[in-house]
Amino acid sequence: MTSTSGCPVAHDFDPLAERYLSSPYPELNLLRDQAPVHYVPSLDHWLVTRYADIAAILGDPATFSAANAQAPLSGLTEEASAILHNGLRTTPVLSNFDPPGHSRVRRLLAPLFSPRRIAQLEPRIEQFTTELVDVFAGRGRVDIVEALTFPLPALTLFRLLGFPDEDVDRLKAWCGEKLEINWGRPDAEYQLRATTNITRFWDYCERYVETRKHDLGDDLTSDLLRQRETNPDALDDREVASIVFALSFAGHETTTNLIGNALRHLLSRPQLWQEIRRDPETIAGAVQETLRYDSSVIAWRRITTREVTIGDTVVPEGARLMLGLGAANHDPAVFGDPEEFEIHRPNAKVQISFGRGIHYCLGHALARVETGIVLRQLSQRFPDLRLVPGQDVRYPRNISFRGPVSMLVEWTAA
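Residues numbered from 1 in each chain as written. Predicted model: local features only at pLDDT ≥ 70, side-chain atom pairs only at ≥ 80, totals over all residues. Heavy atoms only, no water.

S.K.: Is there a simple way to explain the overall build of the chain in this structure?
M.R.: On a plain count of helices and strands, the chain comes out with 16 helices and 10 strands. At 21 Å, the chain has a C-alpha radius of gyration in line with the 22 Å of a compact globule built from 414 residues. Dimensions along the principal axes, computed over C-alpha positions, put the chain at roughly 65 × 55 × 40 Å. For the chain, with 414 residues in total, the buried portion stands at 56%. Considering only contacts within the chain whose residues lie at least 6 apart along the sequence, 74% involve residues at least 24 apart. By element, 52% of the accessible surface of the chain is carried by carbon and sulfur atoms, the whole surface being about 17000 Å². Taking the average location of the 44 positive side-chain charges in the chain and that of its 55 negative ones, the two points are 2 Å from each other. (Helix = DSSP H or I, 4+ residues; strand = E, 2+ residues; numbered from the N terminus. Rg over C-alpha atoms; globule rule 2.2 N^0.38 Å. Buried < 20%, exposed > 50% of the residue type's maximum accessible area, 1.4 Å probe, protein only. Contact = heavy atoms within 4.5 Å. Areas by Shrake-Rupley, 256 points an atom, 1.4 Å probe, with all protein chains shown as cover. Lys, Arg positive; Asp, Glu negative; His and termini not counted. Charge placed at Lys NZ, Arg CZ, Asp CG, Glu CD.)

Dropping the structure here:
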C-alpha cells in the first residue's frame, strides 16, 4: 500500500470523471489552493499543482525521472499486455528518456526543428489549410475538428516525416488508439483493439525506416538517416523508428487540441474574434493565452528516484507524480486574474504547457505557426464565424491531452 503519511488525500478527485473532463480548472484550483501535493487514490499518483513546484520538478531530471511518461496509466489486461510486450519494440528516445541517453537523442533531433525548417513548412501549411477550408467554405456549418483541426496537423506532421499521403487516414486512426491506452482507463475490449493497432503502427514505422534507408528524401526521417554519413553518434534503425513512432502521435495531437481550444475561446468572445480579424498581429498573443488558459496538455507524469520534499510534503522514492500543468497555468502567484482569458496578457509566454528544461517540446514553434495560420485564414474568410449554440463540447477521456473531440461552428455562407 502506498504510504501517504502527512500528505492530504484527494479521495473524491478523479481526472477521468466526466465532470472533470468537461471543466477541470475549478477542481484543480481548489486542490492547489489547499495544498501543494495531494495523493490521488483513484490513480495511485501524487498530484502536484503549484507552478513553482512543477517548474522545479521539470528542471530536475535526476530526481524526477521521465521513465513513466508514456507508460499505460491503468493496468492492462494480460492479453493486452502480451500484445504490447511481444509487438512493440520501441526504445525510449524523447519524452520518456532521461539523461545521458536523452541528451544524445535531443542533440541529434533539435536541428531538424530549426527556424529554417519551420519556415520551409509554412507554405505547405498555408496550402493544406486553404485546401481543407475550401471544402466546407460554402456550407455555412461544419464540425471544425473533423474538417480542419484534426486533419491539418496530421497532414503537416506526416509530410514532415515523409509518410505517403495515401497512408494518412490509416495512420491517424492508429495514432488515436494510443491516447486512451497511455493516459486513460479503457475497458478490456478497447485495450485489445487498441494495442493490436498500436503494434501495427509500430510495424509500419519499422518498415518505413527500412525502406527510407534506400530512398532518402527531403524529410525529417531521411535527415536522421543521413546523419550516419558524418556522425558516429547517429541513431540506429530502432531509434529512428522510435522517434518516427513518437512524433507521429505527439506531433499532431497537441496541435489539434491547441487549435480547437483557441477557436472555442475566441469564438466564445466575439469581440476577440473581431479583434484578431482587424489586427492579425494580436494572433500570437491569442495563441499564447490559449496555451495558458486551456492547455493542450493539462497534465504530465514523472516518477521519483529518491525520497524528496515537494512544498512541505515528503514524497517517497518510486512515487508516480501527476503534474497538473493546467493548475500551474492558473496559479495566481504567477498570473494575475488567471480565470480571465486575456490575449494581451504580458506574461502569458511563461505558461508551462510545452514543459520546461531538457524535455521542452521540440515542436513548440511548429504548433504556434499552424495555429496562427488557421486563425488568420478563418478570421479573414469568415468574419461572422461563431459557435453553434446549445452544443455539448466533449473532451477525450484521458488525464493529459485536452481539446474538443468535435465542435460545430457556423457562418453566413456566400
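S.K.: For this particular structure, what's the right way to read a negative patch on the surface?
M.R.: Taken together, Asp337, Glu339, Glu340 and Glu342 make up a surface patch of like negative charges. Structurally, glutamate 340 is set in the loop between α15 (325-329) and α16 (364-381). (Patch = residues over 30% accessible without salt bridge, like charges linked within 9 Å, V, L, I, M, F, W, Y side chains within 5 Å. Salt bridge = Lys/Arg side-chain N within 4 Å of Asp/Glu carboxyl O.)

S.K.: Would you explain the packing of helix α6 (residues 115-136) against α16 in this entry?
M.R.: For any two helices packed against each other, the geometry is given by the interaxial angle and the distance between the axes. Look at α6 against α16: their axes get within 10 Å of each other, and the N-to-C directions meet at 40 degrees. Classed by the angle they form, the pair α6 and α16 counts as oblique. Seen along the crossing, α6 lies across α16 with a hand that is right-handed. Mapping the contact onto sequence places Ile118, Leu121, Glu122, Ile125, Glu126, Thr129, Thr130, Val133 and Asp134 in α6 and Leu366, Val369, Glu370, Ile373, Val374, Arg376, Gln377, Leu378 and Arg381 in α16. Of the residues contributing to the contact of α6 with α16, the split by class is nine nonpolar, three polar and six charged. (Axes fitted to C-alpha atoms, helices over the stretch in contact; angles between N-to-C directions. Parallel < 35°, antiparallel > 145°, perpendicular 65-115°, else oblique. Left-handed = near helix turned anticlockwise from the far one by under 90°. Nonpolar A, V, L, I, M, F, W, Y, C, P; charged D, E, K, R; others polar.)

S.K.: Help me out: how do you make sense of the packing of aromatic side chains in this one?
M.R.: Two descriptors summarise a pair of aromatic rings, namely the distance from one centre to the other and the angle between the planes of the rings. For the structure on display, the rule yields 17 aromatic pairs. Taken together, the ring pairs connect Phe158, Phe163, Tyr204 and Tyr208 into an aromatic cluster. Directly above the aromatic system of phenylalanine 335 lies the positively charged group of arginine 292, at a separation of 5.4 Å from the ring centroid. Residue placement shows arginine 402 over the ring face of tyrosine 395; its charged tip is 3.8 Å from the ring centre. (Phe/Tyr/Trp six-rings, centres within 6.5 Å; stacked < 30°, edge-to-face > 60°. Lys NZ or Arg CZ within 6 Å of the ring centre and 35° of its normal.)

S.K.: How should I be thinking about unusual backbone geometry in this particular structure?
M.R.: A negative phi angle is the norm for most residues apart from glycine, just as the trans form is the norm for most peptide bonds. Of the consecutive residues proline 99 and proline 100, the connecting peptide bond is found in the cis state with omega at 5 degrees. Phi is positive for aspartate 44, which is not a glycine, with a value near 55 degrees. Phi at aspartate 337 is positive, roughly 45 degrees, even though this residue is not glycine. Summarising the element assignment, aspartate 337 is placed in the loop between α15 and α16. Using a relative accessible area of 60% as the deciding quantity, one classes aspartate 337 as exposed.

S.K.: I'm lost on the pairing of strand β1 (residues 37-40) in this one. Help?
M.R.: Within a regular beta strand, the side chains point alternately toward one face of the sheet and then the other, so they alternate between its two faces. Residue alternation in β1 divides its side chains into two sets, Val37 and Tyr39 and His38 and Val40, and both sets are buried. Two elements, β1 and strand β2 (residues 45-48), share four bridges in a ladder whose sense is antiparallel. The partner of valine 37 across the bridge, within β2, is valine 48. (Pairing = 2+ DSSP bridges.)

S.K.: Before we go on, may I ask you to explain the sheet that holds strand β10 (residues 408-410) in this structure?
M.R.: Strand-to-strand pairing in sheets goes through backbone hydrogen bonds, with the strands running parallel or antiparallel. If you walk across this open sheet you meet the three strands as β4-β10-β9, and the pairing is antiparallel. Whereas interior strands pair on both sides, the edge strands pair on one side only; in this sheet they are β4 (141-143) and β9 (386-387). Relative to β10, β4 runs antiparallel, the two sharing three bridges. When the bridges of β10 are listed, valine 142 appears paired with valine 409.

S.K.: Looking at this structure, how should I read the environment of valine 37?
M.R.: Within the secondary structure layout, valine 37 lies in strand β1. The class of valine 37 is buried, set by a relative accessible area of 0%. When the C-alpha atoms of valine 37 and alanine 241 are compared, they prove to be 37 Å apart, with 204 residues separating the residues in sequence. Apart from the residues within four sequence positions on either side, valine 37 is in contact with Cys7, Pro8, Trp46, Leu47, Val48, Ile310 and Thr313.

S.K.: So what exactly am I meant to see when it comes to the pairing of strand β5 (residues 300-304) here?
M.R.: For β5, the buried fraction is high: four of the five residues fall into the buried class. Bridging between strand β3 (residues 64-65) and β5 involves two bridges; their strand directions are antiparallel. Bridge pairing links serine 65 to isoleucine 303 in β5. Where β5 and strand β8 (residues 320-323) come together, four bridges link them in antiparallel fashion. Residue tryptophan 300 lies in a different strand from β8, and its bridge partner there is leucine 323.

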